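Survey of secondary and tertiary structure
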Amino acid sequence: MMSSIFGKAASIVTTSLALLAITASWAFAAEALPTAGEPYAKVLFAAAAMMGAVFSIAVGAVGAALAIGSAAKSACEAVGRNPGVQGKIMMTMLVGMAMAESIAIYALVISLILLFANPYMKYFLF
């Protein structure tokens, strides 16, 4: 019973976030609409760059969250088994969490590059 409620909630949240990501890209791409006679490459490129940025940060954040949660769970189990080494376990856990969080930071950098300093912009925007 409980798992079906969480499954429905997870599917609703996932669908809502996907729709939000798609519609937000279209809304912000409207700023790049061409005037009469210009090609739509600018609009398509802006929408594709925004979708790539959304996908990058989403995957990076989910990956980092799963890794940090796993590290915290394992550290809690280890301290529960052997409370005497809590300090060493805590230090190792914090270093591991920092390494996992760097994945999200790299994803943020990639997203910002795609949005503001895209190296392929010169090929599509004339």
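A quick note: this is a predicted structure, and the numbers were derived from the prediction, not measured. (Residues numbered from 1 in each chain as written. Predicted model: local features only at pLDDT ≥ 70, side-chain atom pairs only at ≥ 80, totals over all residues. Heavy atoms only, no water.)

Considerations on the overall build of the protein chain
Looking only at helices and strands, the protein chain has 4 helices and 0 strands in total. Listed N to C, the secondary structure of the protein chain is α-α-α-α in terms of helices and strands. Residues classed as buried in the protein chain amount to 21% of the 126 residues present. Look at the contacts in the protein chain between residues 6 or more apart in sequence, and 67% of them connect residues 24 or more apart. (Helix = DSSP H or I, 4+ residues; strand = E, 2+ residues; numbered from the N terminus. Buried < 20%, exposed > 50% of the residue type's maximum accessible area, 1.4 Å probe, protein only. Contact = heavy atoms within 4.5 Å.)

Thoughts on a nonpolar patch on the surface
On the surface, a nonpolar cluster with roughly 460 Å² of combined accessible area is contributed by Ile-57, Leu-108, Leu-112, Leu-115 and Phe-116. Among the elements that line the nonpolar patch, the one with the most residues is helix α3 (residues 86-116), at 4 residues. (Patch = residues over 30% accessible without salt bridge, like charges linked within 9 Å, V, L, I, M, F, W, Y side chains within 5 Å. Areas by Shrake-Rupley, 256 points an atom, 1.4 Å probe, with all protein chains shown as cover. Salt bridge = Lys/Arg side-chain N within 4 Å of Asp/Glu carboxyl O.)

A few points about the environment of Val-79
Secondary-structure assignment places Val-79 in helix α2 (residues 41-81). Classification of Val-79 as partly exposed rests on a relative accessible area of 23%. Taking the C-alpha atoms as reference points, Val-79 and Met-90, 11 residues apart in sequence, are found 8.7 Å from one another. Not counting residues within four places of it along the chain, the set of residues in contact with Val-79 comprises Gln-86 and Ile-89.

Remarks on the nonpolar core
Counting 5 residues, the largest nonpolar core consists of Ala-75, Ala-78, Ile-89, Met-93 and Met-97. For this core, the secondary structure elements donating two or more residues are α2 and α3. Ranked by residue count, the leading element in this core is α3, at 3 residues. For Met-93, the contacting residues outside a window of four places in its chain are Ala-71, Ala-72 and Ala-75. (Core = buried A, V, L, I, M, F, W, Y, C linked by side-chain atoms within 4.5 Å.)

A look at the confidence of the model for the protein chain
On average, the protein chain scores 80 in pLDDT, and the residues at 70 or more come to 78%. When pLDDT is averaged over each helix and strand of the protein chain, the minimum, 68, is found for helix α1 (residues 2-29) and the maximum, 90, for α3. (pLDDT = per-residue confidence, 0-100.)

Considering the environment of Lys-73
Relative to the helices and strands, Lys-73 is located in helix α2. Relative accessible area serves as the criterion here: at 52%, Lys-73 is assigned to the exposed category. Sequence separation between Lys-73 and Met-93 is 20 residues; the distance between their C-alpha atoms is 9.8 Å.

Describing the side chain of Ser-111
Note that Ser-111 resides in helix α3. In this structure Ser-111 touches Ala-53, Ser-56 and Ile-57, once residues within four positions along its chain are discounted.

Overview of the environment of Ile-113
Relative to the helices and strands, Ile-113 resides in helix α3. Counting along the chain gives 60 residues from Ile-113 to Ala-53, while the straight-line C-alpha distance between them is 8.5 Å. Excluding anything up to four places from it in sequence, Ile-113 contacts Asn-118 and Pro-119.

Focus: the packing of α2 against α3
α3 packs onto α2 with a crossing angle of 175 degrees between their chain directions and a minimal axis gap of 8 Å. With respect to α3, the axis of α2 lies roughly antiparallel. Classifying every residue of the contact of α2 with α3 gives 23 nonpolar, 5 polar and 1 charged. (Axes fitted to C-alpha atoms, helices over the stretch in contact; angles between N-to-C directions. Parallel < 35°, antiparallel > 145°, perpendicular 65-115°, else oblique. Nonpolar A, V, L, I, M, F, W, Y, C, P; charged D, E, K, R; others polar.)

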